[in-house]
Amino acid sequence: MNAVESIFDEDILSRAETWERGARSWPSNERQLMTCARVADETHDVRTFEFRTQDAMPVRFEPGQFITVSAEVAGQRVERCYTISSPPTRPYLVAITVKRVTGGVMSNWLHDTLRPGMTLPAYGPSGMFTATRASAAKSLYLSAGSGITPLMSMTRASLDLGLNRDIAFVHSARTPGDIVFRDELQRLALRSPRLRLFFVCEGIGDEPEWTGAVGRLSLARLSAWLPDFALREVFTCGPAGYMTAVRELLREGGHDPARYHQESFDIASATPPPADAIDSTQQTFTVKLARSSKTFTMSASETVLAAARKAGVAIASSCAQGVCGTCKTKLLDGCVEMKHNGGIREREVQKGMRLLCCSRPASDLVLDL
Ligand code: FES
């Protein structure tokens with residue numbers, strides 16, 4: 001018998017109600033003012049920022065979802081998506097864990113400026129990269145660098161709920177000192193026999209006593225650690241190059257692509273929405289905003305988001321590539337040509353939602369704004 005036992009096995013979908021009960025829904029694309037409650041260093045260049053709503057009410061979200069944070073940086077409004085690293089089972093604080101990126105406008109501002117007590121607007125939560133949408137008894141979490149955050153939220157939620165799920169967590173980092181949440185994960189694995197951890201580091205950095213794996217994740221390494229990996233539901237988050245390598249490795253190993261889920265805000269890897277389809281005539285159209293009664297005109301070659309900005313209308317956005325879903329807005333009348341990169345679901349499109357950053361008008365429009 002194991003020294004530590006879990007209580008029972010149950011599908012996470014049914015338990016999701018537990019964390020939703022009492023937590024307030026935060027409609028996608030609606031702005032909330034969030035107060036920074038705590039800032040904590042995770043590694044030398046990764047920091048966690050915890051927020052609460054201004055009225056300190058619990059917030060409803062799913063593990064794996066993200067919020068879009070907005071800040072005024074050097075006189076410019078900047079918006080970025082960050083996956084929530086905290087679990088929905090602790091709904092009073094919503095945490096994001098941010099790596100300082102060289103030249104990164106928002107990440108540097110957050111690290112240098114954001115302190116407890118300060119308030120920021122945020123949108124969301126949204127995103128489809130959630131374990132609740134692809135529940136499985138056996139999961140494989142694959143992450144690299146700060147891509148660990150959504151998987152950490154899923155892991156914390158699963159353990160907070162006492163689920164007896166078999167989770168194999170394989171994380172790649174530059175050095176042992178760069179492993180985000182290392183101590184916490186090791187503590188959780190000690191208490192939860194069905195959570196197994198595997199770290200692989202490119203180098204040992206300043207930790208000569210490191211006895212873990214060194215190098216990169218390979219099919220041979222994954223098969224040795226987890227002979228049953230092809231049977232697991234896979235959730236992956238990390239830089240685009242890492243995820244491409246992981247997909248290839250899994251394909252080679254015979255993993256079913258239908259059981260593969262990935263998340264990334266590596267916008268460079270997304271295909272920019274083309275302007276080809278309706279650009280020929282340089283037609284102009286009128287856009288009416290139903291709620292604010294504003295009106296502006298735009299050409300058929302522009303995206304609705306870009307035209308709105310030109311007209312001085314502020315619309316929440318982040319990636320501007322049809323990836324993140326932040327600019328999702330209901331189209332009340334008219335039609336657009338939308339070329340997105342996965343930031344909206346078909347059933348949302350059926351309900352009239354569109355991503356304004358990758359939509360160009362094919363008629364006059366009325367938007368629910
Ligand atoms: Fe990201 Fe439009 S801003 S989908």
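About the criteria used
Within every chain, residues take consecutive numbers counted from 1 along the sequence as written. This being a predicted model, a pLDDT of at least 70 is required before a residue's local features are given, and a value of 80 or more before pairs of side-chain atoms are given or counted; all residues contribute to the totals for chains, interfaces and linings. Working from all heavy atoms in the structure, the side-chain values ignore hydrogens and water. UniProt positions are given in the numbering used here, feature names are shortened, and annotations may be inferred rather than shown by experiment. Only buried Ala, Val, Leu, Ile, Met, Phe, Trp, Tyr and Cys residues count toward a nonpolar core, and they belong to the same one when joined by side-chain atoms within 4.5 Å. Think of it in three bands: residues with accessible area under 20% of the maximum for their type are buried, residues over 50% are exposed, and the middle band is partly exposed, with areas taken using a 1.4 Å probe on protein chains only. Counting from the N terminus, the helices are DSSP H or I runs at least four residues long and the strands are E runs at least two residues long. Here, two residues are considered to be in contact whenever any of their heavy atoms come within 4.5 Å of each other. The axes are straight lines fitted to the C-alpha atoms, using for helices just the contacting stretch, and the angles between their N-to-C directions are given from 0 to 180°. Angles below 35 degrees are treated as roughly parallel, those above 145 as roughly antiparallel, those between 65 and 115 as roughly perpendicular, and all remaining angles as oblique. Throughout, a crossing is termed right-handed when the near helix is turned clockwise from the far one, and left-handed when it is turned anticlockwise from it by less than a right angle.

By the naming in an unreviewed UniProt entry, the chain goes by Oxidoreductase FAD-binding subunit and is assigned to Caballeronia fortuita. Its UniProt record, at the heading Sequence similarities (unreviewed entry), says of the chain: "In the N-terminal section; belongs to the FAD-binding oxidoreductase type 6 family."

Help me understand the nonpolar core in this model?
A general feature of soluble globular proteins is that nonpolar side chains tend to end up buried together. Of all hydrophobic cores here, the largest spans 23 residues; its most connected members are Y141, L151, M154, F169, L185 and F235. Contributions of two or more residues to this core are made by α3 (148-160), β8 (166-173), α4 (182-191), β9 (195-201) and β11 (233-237). If one sorts the elements of this core by residue count, α3 sits on top with four residues. With residues near it in sequence (within four places) discarded, M154 still touches P63, G64, F129, T130, A131, Y141 and F235.

It is not clear to me how the packing of α3 against α4 should be interpreted in this structure. Could you clarify?
Packed helix pairs are characterised by how far apart their axes lie and by the angle those axes make with each other. Following both chains from N to C, one finds α3 and α4 inclined at 30 degrees, their axes separated by 12 Å at the closest point. Classified by the angle their axes make, α3 and α4 are roughly parallel. In the crossing of α3 with α4, the sense of the turn from one axis to the other is left-handed. Here I148, M152, R156 and L159 of α3 lie close against α4, whose contacting residues are E184, L185 and L188.

Sorry, what's going on with helix α2 (residues 105-113) here?
Each full turn of the α-helix corresponds to 3.6 residues, which orients residues three or four apart in the same direction. Those residues of α2 that fall on the buried side of the exposure criterion are M106, S107, N108, W109, L110 and H111. Residues of α2 that are buried make contact with β2 (46-53), β3 (66-73), β4 (76-83), β5 (94-99) and β6 (119-126).

Looking at this structure, how should I read the side chain of S70?
Considering the arrangement of structural elements, one finds S70 in strand β3. With a relative accessible area of 1%, S70 lands in the buried category.

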